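One letter stands for each residue in the lines below.
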Amino acid sequence: MPEGSKEEAIKEFEQFFTDNLGVTVKFADECKTLPGMGGEGGRNDVFFYIADEDAMAFAIPRLQLGIRWWEDVLGNGHGKIYPQEILNKYPKTW
């Protein structure tokens, strides 16, 4: 997200999910992916939390947006495309 407007971009990001999917999310982080797993790297990935009460309602619609649970990313071996700083900050929890 552009630095000068990061707070506004975060608000818009969170509002998108409320407006379009009816769920509450909270922005956590973003990073550029590393090369690997068939990609050249440089993709901007966003990390966010979803409200517990909205997780079930979000589970299917997220697929149409290409959103994956972090545990699925790690469990399928895709953690290697993330910087070590991100892996340390968001370890697999179950």
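Residues numbered from 1 in each chain as written. Predicted model: local features only at pLDDT ≥ 70, side-chain atom pairs only at ≥ 80, totals over all residues. Heavy atoms only, no water.

S.K.: Hey, could you run me through the packing of aromatic side chains in this one?
M.R.: Scanning the model with the defined rule gives 12 aromatic pairs in all. Considering the side-chain rings of Phe47 and Tyr82, the 5.9 Å spacing of their centres and the 75° angle between planes classify their relative orientation as edge-to-face. A residue pair is termed long-range when its members are at least 10 positions apart, and Phe47 in strand S2 (residues 44–50) and Tyr82 in the loop between helix H4 (70–75) and helix H5 (84–89) qualify at 35 residues. Residue Phe47 is classed as buried on the basis of its relative accessible area, which comes to 9%. Their ring planes at 80° and their centres at 5.1 Å tell us that Trp70 and Tyr82 sit as a pair that is edge-to-face. (Phe/Tyr/Trp six-rings, centres within 6.5 Å; stacked < 30°, edge-to-face > 60°. Helix = DSSP H or I, 4+ residues; strand = E, 2+ residues; numbered from the N terminus. Buried < 20%, exposed > 50% of the residue type's maximum accessible area, 1.4 Å probe, protein only.)

S.K.: Explain the pattern of salt bridges here, please?
M.R.: Two side chains that carry opposite charge are able to pair once their charged atoms sit near each other. Evaluation of the coordinates by the stated rule reveals 3 salt bridges. The residue Lys89 makes a salt bridge to Asp29 at a minimum N-O spacing of 2.9 Å. On the criterion of sequence distance, the pair formed by Lys89 in helix H5 and Asp29 in strand S1 (residues 25–32) is long-range, its members being 60 residues apart. Taking relative accessible area as the criterion, Lys89 reaches 48% and is therefore assigned partly exposed. On the basis of relative accessible area, Asp29 is assigned to the buried category, the value being 14%. In this structure, Arg43 engages Asp45 in a salt bridge whose closest nitrogen and oxygen atoms are separated by 2.6 Å. (Salt bridge = Lys/Arg side-chain N within 4 Å of Asp/Glu carboxyl O.)

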